[in-house]
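Notes for the structure review
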Amino acid sequence: MYEPILISMSEKNLRYLIVGAVALGLHGYPRSTFDLDILPDLSEKNLDILISIARKHSLIPKIPEPIHKIKDPNIRSQWFEQKNLIAFPLYSTQNPLIHIDVIIHYQIDFELAFQRKTEVEIEGKNIFVAGLDDLLLLKNNSSREKDVLDSKVIKTILERKP
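A quick note: this is a predicted structure, and the numbers were derived from the prediction, not measured.

Next up on the list: the nonpolar core. Ranked by internal contacts, the top residues of the largest apolar core, which has 47 residues, are Met9, Tyr16 and Ile70. Ranked by the residues each element gives to this core, the list is headed by helix α3 (residues 44-56), at 6 residues. Not counting residues up to four positions away in its chain, the partners in contact with Ile70 are Leu47, Leu50, Ile51, Arg76, Trp79, Phe88 and Ile104.

As structure tokens, then:
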């Protein structure tokens, strides 16, 4: 369902990491989810690419804010401080099942996480997935029950790795 969007991200050289339940599934721990969580490099140039991909795939904000505002670090900070907005939610006007959360506030170093990423191939294109250690850091920064459970599973997977 998300393959065309992920392929566009690869073709346009977007710097991002898949995080959340989809990333866990790609690491061998499938969990049901209804959205795709991506953690992008928050540089203006990279976000311009993300916005163009969103437009190409008819993705629009679920909240009453225009997508171009994600480029402004002051607005992102304001959203976090005033609304606790961590992810900018998008949905497809063409397919109501497609929901993407663009993580715009995170507690990890993107550059280091990008260096540690796992790559998965879809139709000959590399798709970037956050490594388990970085997923654990992201999950540990959340108090949601499903994230606490995911943290336990990630720890178990990491302990079993040689």
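One non-glycine residue, Asn13, lies in the positive phi region at around 60°. As for its position among the elements, Asn13 is in the loop between α1 (3-11) and β1 (16-19). According to the relative accessible area criterion, Asn13 is exposed, its value standing at 61%. Its identity is not glycine, yet Glu123 carries a phi of approximately 50°, on the positive side. Assignment of secondary structure puts Glu123 in the loop between β6 (118-122) and β7 (125-129). Relative accessible area serves as the criterion here: at 67%, Glu123 is assigned to the exposed category.

Turning to the packing of helix α6 (residues 132-140) against helix α7 (residues 145-160), a few remarks are in order. The interhelical angle for the contact between α6 and α7, taken along N-to-C directions, is 155°, at an axis separation of 9 Å. What the angle tells us is that α6 and α7 run roughly antiparallel. Our pair here, α6 against α7, has a crossing hand that is left-handed. Along the contact surface, α6 presents Leu132, Asp133, Leu135, Leu136, Lys139 and Asn140, while α7 presents Asp147, Asp150, Ser151, Ile154, Lys155, Ile157 and Leu158. Grouping the constituent residues of the contact of α6 with α7 by class yields 6 nonpolar, 2 polar and 5 charged.

Here we take up the pattern of salt bridges. A full pass over the atoms with the stated rule returns 9 salt bridges. Its salt-bridge partner being Asp41, residue Arg15 comes within 3.0 Å of it at the nearest N-O pair. Of this pair, Arg15 sits in the loop between α1 and β1 while Asp41 is found in the loop between β2 (36-40) and α3, placing the two residues 26 residues apart along the sequence. Overall, Asp41 belongs to the buried group, its relative accessible area being 13%. With a closest N to O distance of 2.4 Å, Arg15 and Glu111 form a salt bridge. Of this pair, Arg15 sits in the loop between α1 and β1 while Glu111 is found in helix α5 (residues 110-115), placing the two residues 96 residues apart along the sequence. Within the structure, one salt-bridge network assembled from shared partners comprises Arg15, Asp41 and Glu111.

With that out of the way, let us pick up helix α4 (residues 73-83). Because an α-helix completes one turn every 3.6 residues, residues spaced three or four positions apart along the sequence face the same direction. Within α4 the residues assigned to the buried category are Ile75, Arg76 and Trp79. The buried residues of α4 occupy one face: seen down the axis, they fall within an arc of 105°. Facing away from the buried side of α4 by over 90 degrees, the exposed positions are Asn74, Glu81 and Gln82. On its buried face, α4 is in contact with α3 and β4 (87-92). Positive phi shows up at Asn84, right after α4, with a value of about 55°.

Basis of the calculations
Residues numbered from 1 in each chain as written. Predicted model: local features only at pLDDT ≥ 70, side-chain atom pairs only at ≥ 80, totals over all residues. Heavy atoms only, no water. Core = buried A, V, L, I, M, F, W, Y, C linked by side-chain atoms within 4.5 Å. Buried < 20%, exposed > 50% of the residue type's maximum accessible area, 1.4 Å probe, protein only. Helix = DSSP H or I, 4+ residues; strand = E, 2+ residues; numbered from the N terminus. Contact = heavy atoms within 4.5 Å. Axes fitted to C-alpha atoms, helices over the stretch in contact; angles between N-to-C directions. Parallel < 35°, antiparallel > 145°, perpendicular 65-115°, else oblique. Left-handed = near helix turned anticlockwise from the far one by under 90°. Nonpolar A, V, L, I, M, F, W, Y, C, P; charged D, E, K, R; others polar. Salt bridge = Lys/Arg side-chain N within 4 Å of Asp/Glu carboxyl O. Arc of directions from axis to C-beta.

Read these as spatial facts, not as claims about activity.
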